[in-house]
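Survey of secondary and tertiary structure
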Amino acid sequence: MSEPKNGAMFWNAVLSGVLVAANLLVANMILSTADFRWDLTEDKRFEVSESSQNILSQFEGTVSVKCYFSSTIPKRYNHVERAVAEKLSEYEELSDGKVIYEIIDPDAEGSKDALNELKDMNIGAVPLQEREGASQQKVLSCYLTMVFRYGDRKSVINLFQDLGSTLHDPGQFTSQLEYFTTQAIRNVTHERRTVGVLAPIELVPTQDRTAVNAEKRKVQGLQTLKRWLQASHDVVMIDPIAVNRGEPIPQEIDVVLCYRPKSFSGAGLYILDQYIMGGGRVAFFVDQGRVNYDPKQKVTQLGNAQMQDFDLPTYDVTPFDHNLTGFLEHYGVRLGNSFVEDMSNFDIQYIRSREVASYRRQYYAKPIYKDAPYPSWPKIPTRNKEGLAVVDNQVSKDWPLLSKTDDIVLCWASPLTIVEENLAKHGATNEVILRTGPNSWNRSLKDTVFSPVPEEWTEPAAKEQQIVATLIRGKFRSYYEKKEAPKVLSNGGLEVDWAPEFLNGRRDRAEDQGMIFVMGDADFVHDSMLRQIINMVAQKKQSRAQDPEAMKIVFSSIRFAANAIDVLCYGDDAKSMFRLLNREVSSRQLKEIKEGDPLMTKILRVNLYGVPGLVLLFCALVVFWRRVRTGAVSV
Amino acid sequence: MLAIWRKELKSYFNSPIAYIFIWFFLVVTALKFFFLRGEGPQGQLRDNFFVTQEASLTAYFSVFPIALGVLVPMLCMRMWPEEYKSGTIETLMTLPVRAWQVVIGKFSAMLSILAITFALSLTVPWSVNEAAVVGLDWGPIIGGYVGAFLMGSAYCAVGLLMSSFTREQVIALLATFIVSLPLALAGTAYVESPTPDWLSPIAKFVGFAVRFQSIERGVLDLRDMFYFLSVTVLFVYLNITVVEARRLK
């Protein structure tokens, strides 16, 4: 009788076990779709923001991320790999596997394929110095590159370049990593926008010294910005001459960057106006003039010999007659005919004097440089000794195009005034994007010399913040509303007619919400200016060419300009991305602990000998006591 | 149940096993965290604490899944075999207590040892706090210990069930290893190559180390916590069923 009972019991037990297991499995499966996570870190550093989650929900398919991280990387960057892996794990988790990642060590044995992949993508190793022993240094070639792929699209983040200024600080790095990661995912998964660059210069690389003469080179080079923009958008050139001759800007171009315009004809303005009326968005980076700060080369007679010589820069201004002032004022922004000066500024190197030098019996004039703070190159934001911004309104809180650690340097920027009554005519709104510091003022361009020599500039008593960048949004009215379209001039200066289809399609009012971004400076992202900043800092510090301080300014400036374009491309969606830039993540670094440091010894003692030792001692006592109690040992 | 818990705890501390477990756990985890270099579960490089220069215990907690997977079987191996060895199994089976009370009593004694071990390991976060410039972020530490306790309890439940199948401690130890270690390692980079592709998602679903990854950096995920609880409940329930069946027999 007992056997079948036991058998039944066994099967009952098995069945109940299977049922419990099945219930728990189903519960786990159901719960796997839920997303309840608590980030217990103080600064919520692992919480992927809503804007990133939005981007992750907007695509199907898989984004694969390959992280090429050299294992030979200097110790100071050791936190990077873990921070990236942690962040990407969050993305992988939140996207339900739509984002997958892999960490590859290009220095490992048998990683020839990885090196070939990097070579195919034109990604080179970055040489880094690492201290070896007390006095020696060695140079390591390392990779810290993330490649995002979605179908045939690709986006690359070079951590040394893109997050270079934050790499040394784990907190700052983590805070900015999400911005770059989400941006890269957006870039590969979203339809690319088209940005048209309307600039009176050809974008010839400044390095291409054979192609153009020296004078021409100075006004060329938007390569750094262009390269940056190309990571996210399709960039096309718009010929300003064609625009001035009445050739329309294709409405397929989502955003026009009107960079450092020199002279717009009436027809050119009309084209621009109609582009805005058609829903086009325009960023104006405008210079009011050019300061003659370069020495003028000349040849002088020195006895019987001729000497390569130069005249000291005059620092006077050649104004630009771009014809945009009235046009922009109509849309609500008045460009000041002055330059902003600020006590918070960049130390420039200027030619104080010259001396005669010789090389292989050839005489030449050698410039003698001097460092001086230059109020005409304002540095934004103004920071106190602790490195904190002295006022919190220099960068717009709603549209933070700069992160809290960014610093940009403007070069001879003009102040902007918001013309409220004109804004009201359009029913438009204005958001000030960037202001100078509280210790700034204006100096008229008329008959003024913008000398960097400290004795030659004076600081006025009255100072106030100046607006240097602003964003206007609204359903705009045409600049030519109730006016006739201006005449089109042909090559020979003759008036010709507009194409009838263009005139028939004329709009006096925009149907959709438009956006205009106005920046009172264009030089600040010009290749030659960025190069100057790098060189000046390097000479001042007598350090290697790419000093982190200079690179921070360069990338902040480029990022600011690229973000301005993003504002126009993505509108409010871009806004949430910029908030990522300003996530505050506290840095929890260790005190400097060297080998044999008392703190290290203390840690070793407590954790390896102290507590475990006490456990063993207690164990010995218990065993001994038990033996005593059982009479195995007599006391 | 309280009497069983007290008896088990007393028996633990009267034998060297609990001390050896605690000692091994403290030394292995501290040694790995402070002085050794290695790879994380995703194959990422993990440097020791003094090299990473960051006041974080992520790398410390990352050792827990494997350390507990290896050490908890030591704690469990004697649970049921010891009753056979000392001849107390008959007494236990005839006592006027329910099977679940016996199992829970034993299980809670193991959890107490786990709690004591974790309490003694608090010198590690204290040390990191001492070495940090602005102190330690205690949120992830609390989360890490809560997650580690849940994971530890799952290991204990597995070990307790395995030990109930045999009268020999060594066999109980081996049987627990055979179940615990694959659970610990499943889905990690250590076993990536021998895992067939079709098994990979299942391995990631059941793997303790993979489940513990969020927890070790301070993110408590309800799914992971529920999973550890599920494993605990399932194995404790199975143990109760086994004991109940044996008792009736």
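By convention here, each chain's residues receive numbers from 1 onward along its written sequence. To read the labels, note that chains go from A and ligands from 1, taken in the order they are written. Where local features are concerned, this predicted model is filtered to residues with pLDDT of at least 70; where side-chain atom pairs are given and counted, the filter is 80 or more; whole-chain, interface and lining totals use all residues.

Remarks on the overall build of chain B
We apply this condition: Strands here are runs of E lasting at least two residues and helices are runs of H or I lasting at least four, both read from the DSSP assignment and numbered beginning at the N terminus. Once C-beta atoms are placed from the backbone, each residue is buried if 20 or more other C-beta atoms lie within 10 Å of its own, exposed if 12 or fewer, and partly exposed for counts between those two. Distance between backbone-placed C-beta atoms decides contact: two residues are in contact if it is within 7 Å.
Counting its secondary structure elements, chain B contains 14 helices and three strands. The buried share among the 249 residues of chain B stands at 51%. In chain B, the proportion of contacts linking residues at least 24 apart, taken out of those at least 6 apart, comes to 77%.

What about the interface of chain B and chain A?
This is how the line gets drawn: Any residue that is not Ala, Val, Leu, Ile, Met, Phe, Trp, Tyr, Cys, Pro, Asp, Glu, Lys or Arg is counted as polar, Gly included; the first ten are nonpolar and the last four charged. At least two bridges found by DSSP between two strands is the condition for calling them paired.
On the side of chain A, 53 residues touch chain B, which itself brings 56 residues to the contact. Listed by contribution, the elements that provide at least two residues to the side of chain B that touches chain A are helix H1 (2-14), helix H2 (16-35), helix H3 (49-52), helix H9 (123-131), helix H10 (138-163), strand S3 (219-221) and helix H14 (222-248) of chain B. For the side of chain B that touches chain A, the element with the most residues is H14 of chain B, which contributes 12 residues. Looking at the side of chain B that touches chain A residue by residue, the classes come out as 33 nonpolar, 15 polar and eight charged. Here strand S1 (residues 37-39) of chain A runs beside S3 of chain B; their pairing, made up of three bridges, is antiparallel. Of the residues in S3 of chain B, the one forming a bridge with aspartate 39 of chain A is valine 219 of chain B.

Quick look at the confidence of the model for chain B
Residue and element names in this part refer to chain B. As a reminder, the rule being used: For every residue, the predictor states its confidence as a pLDDT score lying anywhere from 0 to 100.
Overall, the prediction assigns chain B a mean pLDDT of 84, with 93% of residues at 70 or greater. Mean pLDDT across the elements of chain B bottoms out in strand S2 (residues 45-46) (49) and peaks in H10 (92). Below pLDDT 50 for its whole length, residues 40-45 participates in 20 contacts with residues either more than four positions away or in separate chains. Interface predicted TM-score (ipTM) for the complex: 0.82; the corresponding pTM is 0.69.

Examining the nonpolar core
In plain terms, the rule: Under the definition applied here, buried Ala, Val, Leu, Ile, Met, Phe, Trp, Tyr and Cys residues are grouped into a nonpolar core through C-beta atoms within 7 Å.
In terms of nonpolar packing, the biggest core is built from 102 residues, with Leu257, Ala283, Phe284, Phe517 and Ile565 of chain A touching the most fellow members. For phenylalanine 517 of chain A, the residues in contact, after removing those within four places along its chain, are Ala283, Phe284, Leu471, Ala564, Val567 and Leu568 of chain A. Grouped together as the second largest cluster of nonpolar side chains are 84 residues, Val615 of chain A together with Ala30, Val72 and Met225 of chain B included.

Focus: the sheet that holds strand S6 (residues 144-150) of chain A
Residues and elements named next belong to chain A. Filter applied, for reference: All axes here are fitted lines through C-alpha atoms, helices being fitted over the stretch that makes contact, and every angle between N-to-C directions spans 0 to 180 degrees.
Here four strands make up an open sheet; going across it, the order is S3-S2-S6-S7 and the pairing mixed. Strands at the two margins of the open sheet, each flanked by one partner only, are strand S3 (99-104) and strand S7 (153-158). Between one strand and the next, the sheet's axes are offset by a mean angle of 15°, whatever the strand orientation. Where strand S2 (residues 63-69) and S3 come together, six bridges link them in parallel fashion. Across the sheet, residue cysteine 67 finds its bridge partner in S3, namely isoleucine 103.

Brief notes about the packing of H1 of chain B against helix H8 (residues 99-120) of chain B
Residue and element names in this part refer to chain B. So the rule is basically this: For classification purposes, angles smaller than 35 degrees are called roughly parallel, those larger than 145 roughly antiparallel, those between 65 and 115 roughly perpendicular, and all remaining angles oblique. Left-handed describes a crossing whose near helix is turned anticlockwise from the far helix through less than a right angle; right-handed describes the clockwise counterpart.
Two numbers describe how H1 lies on H8: the axes approach to 8 Å, and their chain directions differ by 45°. Taken together, the axes of H1 and H8 are oblique relative to one another. For H1 against H8, the interelement crossing comes out right-handed. Residue-level contacts link Ile4, Trp5, Glu8, Leu9 and Tyr12 of H1 to Gln101, Val102, Gly105, Lys106, Ser108, Ala109, Ser112 and Ile113 of H8. Grouping the amino acids of the contact of H1 with H8 by side-chain chemistry returns seven nonpolar, four polar and two charged.

Description of unusual backbone geometry
Residues and elements named next belong to chain A. Along the chain, isoleucine 380 connects to proline 381 via a cis peptide bond; the corresponding omega equals 0°. The topology assignment puts proline 381 in the loop between strand S19 (362-380) and strand S20 (408-409). For aspartate 96, which is not glycine, the phi dihedral falls at a positive 55°. On the secondary structure map, aspartate 96 appears in the loop between helix H3 (78-94) and S3. One non-glycine residue, lysine 482, lies in the positive phi region at around 60°. Looking at the element boundaries, lysine 482 is found in the loop between strand S24 (467-474) and strand S25 (488-489).

Some words on helix H17 (residues 598-630) of chain A
Working note: α-helix, 3.6 residues per turn, so residues spaced by three or four point in the same direction. Going by this rule: A helix is expected to span 1.5 Å multiplied by its residue count minus one. Bending is quantified residue by residue as the angle between axes fitted to the seven-residue window ending at that residue and the seven-residue window starting at it.
Its 33 residues place the ends of H17 of chain A 45 Å apart at the C-alpha level, agreeing with the 48 Å of an ideal helix rising 1.5 Å per residue. Along H17 of chain A, the largest kink reaches about 35° and is centred on valine 606 of chain A. Taken together, the buried positions of H17 of chain A are Ile603, Asn607, Val611, Pro612 and Val615 of chain A. Of the surrounding secondary structure, the elements contacted by the buried residues of H17 of chain A are H2, H8 and H9 of chain B.

Considering helix H8 (residues 223-230) of chain A
Residue and element names in this part refer to chain A. Under the convention used in this document: The directions considered for the arc run from the helix axis to the C-beta atoms.
Burial in H8 covers these residues: Thr224, Leu225 and Leu229. Relative to the axis of H8, the buried residues are bounded by an arc of 130° and lie together on one face. Across from the buried face of H8, at angles greater than 90 degrees, the exposed residues are Arg227 and Gln230. On the buried face of H8, the contacting elements are strand S8 (194-198), strand S9 (234-238), helix H14 (527-541) and helix H15 (548-570).

Some words on the packing of helix H5 (residues 64-76) of chain B against H10 of chain B
All names here are of chain B. At a closest axis distance of 9 Å, the pairing of H5 and H10 adopts a crossing angle of 35°. Relative to H10, H5 is oriented so that their crossing is right-handed. Facing H5, whose interface residues are Phe64, Pro65, Leu68, Gly69, Val72, Pro73, Leu75 and Cys76, H10 presents Ala148, Met151, Gly152, Tyr155, Cys156, Gly159, Leu160, Met162 and Ser163. Residues belonging to the contact of H5 with H10 are distributed by class as follows: 13 nonpolar, four polar and no charged.

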